[in-house]
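Survey of secondary and tertiary structure
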Amino acid sequence: VCNDRTDMLNAETIVFYASNPAWSAAGTPSYHYIRAKEAGVKFITVDPIYTASAQILDAYWIPVRTGTDTAFMLGVASEMLRLDKEEGNVVDWDFLDKCTVGFDADHMSEGADPKDNFKDYVLGTYDGVPKTPEWASEICGVEPEVIRSLATDMATIKPAAIFSCSAVTRGFRGEQAAQAFFTVG
């Protein structure tokens, strides 16, 4: 997530997740995004449609099937966890240890079942279904290699800014998409 529109110039990558600020953001967002593009920022958009924002910024477009955002983000999270295990320096464990609850079994709320943590769910530890890019691809229609590429870009091209719109939450269990988005961020 980005602090301020003028701060975007400090990003190396900007990801729009179901976000079309050229049409839906107040003020003059396109001006700031164009300045960021001119400064060399890489733009990626994840959306069922190719938006005006994607077009004016020549963003790499990942067309995701409508209503499958949670599965897509779980595939991204799975790949980030794999990268962290193999290469390190992907997951900010210090931040998770100090500032979050529920990411792993060691950081659950009092009285919560340690099995109900995000990490073990993504890894399929208890349900036997790892939420890999291949698993996500079957649901969201995005090739596993594209999911892996986005996860790698978000995890390694820093600093990154991630923008989302509330549209992904306007469906059945939409809060899960928002939770997955913030957890990946």
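Everything here concerns the structure above.
Let us look at the structure shown here. (Residues numbered from 1 in each chain as written. Predicted model: local features only at pLDDT ≥ 70, side-chain atom pairs only at ≥ 80, totals over all residues. Heavy atoms only, no water.)

1. Description of helix H7 (residues 133-140)
So the rule is basically this: Working definition: with a 1.4 Å probe on protein chains only, accessible area under 20% of the residue-type maximum means buried, over 50% means exposed, and in between means partly exposed. Numbering of helices and strands starts at the N terminus; helices are DSSP runs of H or I of at least 4 residues and strands are runs of E of at least 2. What the arc covers is the set of directions going from the helix axis to the C-beta atoms. Pairs of residues are marked as contacts when any of their non-hydrogen atoms sit within 4.5 Å.
For H7, the full list of buried residues reads Pro133, Ala136, Ser137 and Cys140. Down the axis of H7, the sector holding all buried residues measures 105 degrees, keeping them to one side. Those residues of H7 that are buried are in contact with helix H4 (69-87) and helix H8 (144-156). One or two residues past the end of H7 sits Gly141, with phi positive at roughly 80 degrees.

2. Some remarks on the pattern of salt bridges
Inclusion rule: Any Lys or Arg side-chain nitrogen located within 4 Å of an Asp or Glu carboxyl oxygen qualifies as a salt bridge.
Scanning the model with the defined rule gives 6 salt bridges in all. With a closest N to O distance of 2.7 Å, Lys42 and Asp153 form a salt bridge. With Lys42 in strand E2 (residues 42-46) and Asp153 in helix H8, this residue pair connects regions lying 111 residues apart in the sequence. Residue Lys42 is classed as partly exposed on the basis of its relative accessible area, which comes to 34%. Residue class for Asp153 comes out buried when judged on its relative accessible area of 12%. Each member of the salt-bridge network shares a partner with another, and the members are Glu79, Arg82, Glu86, Glu134 and Arg148.

3. Things to note about the pairing of E2
Rule in force here: Strand pairing follows a simple DSSP-based rule, namely that at least 2 bridges must link the two strands.
Among the 5 residues of E2, 4 are classified as buried, and the element is accordingly described as predominantly covered. For strand E1 (residues 13-17) and E2, the ladder comprises 5 bridges, and the chain directions are parallel. Across the sheet, residue Thr13 finds its bridge partner in E2, namely Lys42. Here 3 bridges tie E2 to strand E3 (residues 60-62), and the two strands are oriented parallel to one another. Looking at the pairing, Val46 lines up with Ile62 of E3.

4. Things to note about the packing of H4 against H7
The test is simple: Axes here mean lines fitted to C-alpha atoms, for a helix over just the part in contact, with angles spanning 0 to 180 degrees between N-to-C directions. Each angle gets one of four labels, with under 35 degrees taken as roughly parallel, over 145 as roughly antiparallel, 65 to 115 as roughly perpendicular, and the rest as oblique. In this scheme the crossing of two helices becomes right-handed for a clockwise turn of the near helix relative to the far one and left-handed for an anticlockwise turn of less than a right angle. Each residue is assigned to one class: nonpolar for Ala, Val, Leu, Ile, Met, Phe, Trp, Tyr, Cys and Pro, charged for Asp, Glu, Lys and Arg, and polar for all the others, Gly among them.
At a minimum axis separation of 8 Å, H4 and H7 run at an interaxial angle of 165 degrees. When the axes of H4 and H7 are compared, the pair comes out roughly antiparallel. Classified by chirality, the crossing of H7 by H4 is left-handed. For the pair H4 and H7, contact is made by Ala71, Phe72, Leu74, Gly75, Ser78 and Glu79 and by Pro133, Trp135, Ala136, Ile139 and Cys140, respectively. Among the residues forming the contact of H4 with H7, the class breakdown is 8 nonpolar, 2 polar and 1 charged.

So yeah, pure geometry; function would need other evidence.
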